[in-house]
Amino acid sequence: MTLRSSLVLLLTAASAFADVRLPAFFSDHAVLQRDKPLPVWGWAAPGEQVRVALGAQKSAATAGANGRWIVRLAAQPMSKEPLTLTVAGKNRIEIKDVLLGDVWLCSGQSNMTMPMSAFSKIPEYPDDLKAAEQPLIRQFGAKDVSAIEAQSDIEGTWAVSSAKSVGGFSAVGYHFARALHAQTGVPIGIVRAAKGSTVIEMWLSQETILTTPGIKPLGDKLRAAMTAWEEARKQAIAAGRKPDAADFPPHPLSEAGMLRPRFATRYNSMIAPFAGMALRGIVWYQAETNSLHPQLTAAYPAAQHALVNSWRKLFGDEALPFLYVQLPNYREVSNDPGVVENWALMRESQTKCLEIPNTYMAVTIDIGQAGDIHPSNKYDVGERLAALAMHHIYGKKEVVPGGPMFKAMSVKGGKATIAFTGLGGGLIVGLKEKRGPAIAQPGGKLQRFAIAGEDRKWVWADAVIEGDTVVVSSPQVAAPVAVRYAFASNPEGANLYNRAGLPAAPFRTDKW
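Once a new chain begins, its residue numbering starts again from 1 and follows that chain's sequence as written. For this predicted model, a pLDDT threshold of at least 70 governs which residues receive local features, and a threshold of 80 or more governs which side-chain atom pairs are given and counted, while totals over whole chains, interfaces and linings are taken from all residues. Remark: hydrogens and water are excluded; side-chain values derive from all non-hydrogen atoms of the structure.

Engineer: Hey, could you run me through the overall build of the protein in this one?
Structural biologist: Labels follow the DSSP assignment, with helices taken as runs of H or I lasting at least four residues and strands as runs of E lasting at least two, numbered in each case from the N terminus. Scanning the protein from terminus to terminus reveals eleven helices and 24 strands. With C-alpha atoms as the basis for the radius of gyration, the globule rule is written as 2.2 Å multiplied by the number of residues raised to the power 0.38. Taking 24 Å as the expected radius of gyration for a compact globule of 512 residues, we find that the protein reaches 26 Å, a close match to that expectation. Summarising its shape, the C-alpha atoms of the protein cover approximately 95 × 60 × 40 Å along the three principal directions. For the protein, the proportion of its 512 residues judged to be buried stands at 54%. For the protein, the share of sequence-separated contacts (at least 6 apart) that also reach a separation of at least 24 residues comes to 72%. Positive and negative side-chain charges of the protein, numbering 54 and 45 respectively, have mean locations separated by a distance of 3 Å. Relative accessible area decides the class of each residue, using a 1.4 Å probe on protein chains only: under 20% of the type maximum gives buried, over 50% gives exposed, and in between gives partly exposed. Only heavy atoms matter for contacts: two residues are in contact if any of them lie within 4.5 Å across the pair. Only four residue types enter the tally: Lys and Arg on the positive side, Asp and Glu on the negative side; His and the chain ends are excluded. For the purpose of locating charges, the reference atoms are NZ of Lys, CZ of Arg, CG of Asp and CD of Glu.

In structure tokens:
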């Protein structure tokens, strides 16, 4: 290489470093958050002046010593008309076709990341394609990557919903966005950042795992694994080998298939790059992998609490709404009224997560599939998530947000009376067929209620709707002390709904 060519390369590299650049999220066809201060950030040469304009708002910043800059544009109202985001320093960037609407981060594991095209064989798919010409619904698809250290950017592009593009959209995310947009008219952007077969711990930052009192046992195990991992790395280097996965010792939770480098890796690669992004809320569909291991199931409420709090801090909103999906019915049907299966225990752990402020759970006990962990009815999942958002976040109190949930039990005269919240106009015996709400089944009999006395022997119970309660009894249990409803992996036939056609959440009154 000649001296001249070397100088050209150096000058080219210096020029590239000096160019203002943006994270991939700020790109053509983006939906950015309305009605909130809007952070816009990127990189430039240290000390470079950067000017940013969007709609009626302008601001400027100076790149720091590390080249990073950030501006915060004042809040602007919804814009269905395309805007141009302009960023200028020594060079000029124009991001075109930008809308101002509501941005939802959609994260979790496979049931969140699975695209519409994965369900192309279902009868409704042709109609879904016809209805997909929705230019105000858009998705940013984050690349599936993993990292040991927190990243500042992630590859991905915005896609405008159409019959040609919607096949690549998260099925849950799309149906959620479609339902929201249909009811509000607001442009909806979904940011799909999800990965199959991941435990919730992979979506927590390493700092969160190590410093959150509520998950201290997990932090202790991670700390021990880190020490062992570092020692193995040193030994590999001392032996003249390049450290690789074969040199890492198993993590204490190795039955979950986790090695130390996989802890926090999805947070590092797929959440950290969006730090500070303005959002309307988060949609979370995860827990399948955690349900495989009893200790991860038991620790799930503390882990989700840590995730919600740390993500809210990351995005600068202590009250950021968090919607999540409770696991659906799955696996073989058990006819044992006393069976306790880990899948059901995970649903119970998910219900406990409702204690976290400003979180809302969609019940899907009636739209799963016995032999498929990836049930095809993502339409109803999206509809139920949207109902939660419409009621609790968009203030449409006329929208029933969910189905009945256990409130209290009283016992008198050999009968247990169960009271509920989420009555939605009253309790019904419901029949769920295909998409949409369940319909009332006059003369139908409630199924999947079990009852037990002090002997802890469970039997199937007679259950009858009386007003806003369900009265549960059995001639085999003279003095009931506990009731369960749909407390199994696949409680086929569970049919308690409210008049809005939304299912009752599974519950148990015992802790046996």
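Next, the rest of the story.
Engineer: So what exactly am I meant to see when it comes to unusual backbone geometry here?
Structural biologist: Among all residues save glycine, negative phi is the norm, and among peptide bonds the norm is trans. Phi is positive for Asn-358, which is not a glycine, with a value near 60 degrees. Tracing the chain through its elements places Asn-358 in the loop between α10 (342-352) and β13 (359-362). Phi at Lys-434 takes a positive value of approximately 55 degrees, unusual for a residue other than glycine. Within the fold, Lys-434 resides in the loop between β16 (427-431) and β17 (439-440).

Engineer: Explanation requested: the nonpolar core in the structure shown.
Structural biologist: Side chains of nonpolar character tend, in soluble globular proteins, to be buried together. If you look at the biggest cluster of nonpolar residues, it comprises 79 residues, and the most contacted ones within it are Val-40, Trp-69, Phe-274, Trp-311 and Phe-315. Not counting residues within four places of it along the chain, the set of residues in contact with Val-40 comprises Leu-22, Phe-26, Val-52, Trp-69, Ile-70, Val-71, Leu-73 and Leu-85. By convention a nonpolar core is built from buried Ala, Val, Leu, Ile, Met, Phe, Trp, Tyr and Cys residues, the set being connected through side-chain atoms within 4.5 Å. One finds Phe-176, Leu-180, Leu-323 and Val-399 within the second-largest nonpolar core, a separate group that totals 40 residues.

Engineer: I'm lost on the sheet that holds β16 in this one. Help?
Structural biologist: Strand pairing within a sheet occurs via backbone hydrogen bonds; the two strands may be parallel or antiparallel. Taken together, the three strands give an open sheet; going across it, the order is β17-β16-β23, and neighbouring strands pair in antiparallel fashion. With one partner strand each, in any of the chains shown, β17 and β23 (496-498) form the two edges of the open sheet. When β16 meets β23, the two strands line up antiparallel, connected through three bridges. Counterpart to Leu-427 in the pairing with β23 is Asn-498. Strands qualify as paired when DSSP identifies two bridges or more between them.

Engineer: Explain the sheet that holds strand β21 (residues 469-473) here, please?
Structural biologist: Pairing is antiparallel in the open sheet, where four strands are placed in the order β14-β15-β21-β20. The open sheet terminates on both sides in strands that have one partner only, identified here as β14 (405-412) and β20 (462-466). Neighbour to neighbour, the strand axes of the sheet diverge by 25 degrees on average, direction disregarded. Note on method: axes are straight lines fitted to C-alpha atoms, helices fitted across the in-contact stretch only, with angles between N-to-C directions ranging 0 to 180 degrees.

Engineer: Would you mind going over the side chain of Gln-134 with me for this structure?
Structural biologist: Along the chain, Gln-134 falls in strand β8 (residues 134-142). Discounting residues that sit within four places of it in the chain, Gln-134 has contacts with Val-160, Ser-161, Tyr-174 and His-181.

Engineer: It is not clear to me how the packing of aromatic side chains should be interpreted in this structure. Could you clarify?
Structural biologist: For any pair of aromatic rings, the description consists of the separation of the ring centres together with the inter-plane angle of the planes. Pairs were defined over the aromatic rings of Phe, Tyr and Trp, the Trp ring being its six-membered one, requiring ring centres within 6.5 Å. Orientation was assigned from the angle between planes: stacked under 30 degrees, edge-to-face over 60, tilted for the rest. As enumerated under the stated definition, the model contains 20 aromatic pairs in all. Taking 6.4 Å as the distance between ring centres and 40 degrees as the angle between the ring planes, the aromatic pair formed by Trp-284 and Phe-322 counts as tilted. Of the two residues, Trp-284 sits in strand β11 (residues 281-285) while Phe-322 sits in strand β12 (residues 322-325), which places them 38 residues apart along the sequence. Taking relative accessible area as the criterion, Phe-322 reaches 1% and is therefore assigned buried. Charges are assigned to positions over rings by a cutoff of 6 Å between ring centre and Lys NZ or Arg CZ, combined with an angular limit of 35 degrees from the ring normal. The positively charged end of Arg-280 is found above the aromatic ring belonging to Tyr-394, 5.3 Å away from the centroid.

Engineer: Would you mind showing me how to read the pattern of salt bridges here?
Structural biologist: Oppositely charged side chains are able to pair whenever their charged atoms sit close together. Any carboxyl oxygen of Asp or Glu within 4 Å of a side-chain nitrogen of Lys or Arg constitutes a salt bridge here. Under the criterion given, the structure shown has 20 salt bridges. Salt-bridge contacts for Arg-34 lead to Asp-102; the nearest nitrogen and oxygen are separated by 2.8 Å. Of this pair, Arg-34 sits in the loop between β1 (31-33) and β2 (38-43) while Asp-102 is found in strand β7 (residues 92-108), placing the two residues 68 residues apart along the sequence. Take Arg-34 and Asp-102: they sit in the same class, and that class is buried. The partner of Arg-508 in a salt bridge is Asp-510, and the shortest N-O contact between them spans 3.6 Å. Via salt bridges that share partners, Glu-348, Arg-484, Arg-508, Asp-510 and Lys-511 belong to a single interconnected network.

Engineer: Looking at this structure, how should I read the pairing of β13?
Structural biologist: Side-chain direction in a regular strand flips from residue to residue, so the side chains alternate between the two faces of the sheet. The side-chain alternation of β13 yields two buried faces, one formed by Thr-359 and Met-361 and the other by Tyr-360 and Ala-362. The sheet contact formed by β12 and β13 spans four bridges and is parallel. Bridging across to β13, Tyr-324 finds its partner in Met-361.

Engineer: Whenever I open this one, the environment of Ala-488 confuses me. Can you help?
Structural biologist: Within the element layout of this structure, Ala-488 appears in the loop between β22 (482-485) and β23. Classification of Ala-488 as buried rests on a relative accessible area of 4%. Residues within four places of Ala-488 in sequence aside, it is in contact with Val-339, Glu-341, Ala-344 and Arg-347.

Engineer: Explain the environment of Lys-130 here, please?
Structural biologist: Tracing the chain through its elements places Lys-130 in helix α3 (residues 125-130). Distance in space between the C-alpha atoms of Lys-130 and Ser-162 is 8.4 Å, their sequence separation being 32 residues.

Engineer: What is the right way to look at the confidence of the model for the protein in this model?
Structural biologist: Reading predicted coordinates in detail is not appropriate for stretches of low pLDDT. For every residue, the predictor states its confidence as a pLDDT score lying anywhere from 0 to 100. For the protein, the mean per-residue pLDDT works out to 92, and 93% of the residues sit at or above 70. Below pLDDT 50 for its whole length, residues 1-16 participates in two contacts with residues either more than four positions away or in separate chains. For the stretch residues 251-260, pLDDT sits under 50, and the model shows 32 contacts to residues farther than four places along the chain or on other chains.

Engineer: I tried to follow the environment of Ser-161 on my own but got confused; where do I start?
Structural biologist: Within the fold, Ser-161 resides in strand β9 (residues 156-161). Residue classification places Ser-161 among the buried residues on the basis of a relative accessible area of 2%. Expressed as a C-alpha distance, the spacing of Ser-161 and Glu-230, which sit 69 residues apart in the sequence, is 46 Å. The residues contacting Ser-161, other than those within four sequence positions of it, are Ala-132, Glu-133, Gln-134, Pro-135, Ile-137, Val-166, Phe-169 and Tyr-174. Pairing of N or O atoms within 3.5 Å defines a polar contact, subject to two protein rules: one partner must be a possible hydrogen donor and the other a possible acceptor, and residues neighboring in sequence count only if both atoms are side-chain atoms. A polar side-chain atom of Ser-161 sits 2.7 Å from the main-chain carbonyl oxygen of Ala-132.

Engineer: Even after reading the chapter, I still don't get the side chain of Ser-474, so can you show me in this structure?
Structural biologist: Its location among the elements puts Ser-474 in the loop between β21 and β22. By relative accessible area, which is 8% here, Ser-474 ends up buried. Those residues in contact with Ser-474 that sit more than four places away from it in its chain are Ile-451, Val-459 and Trp-460.

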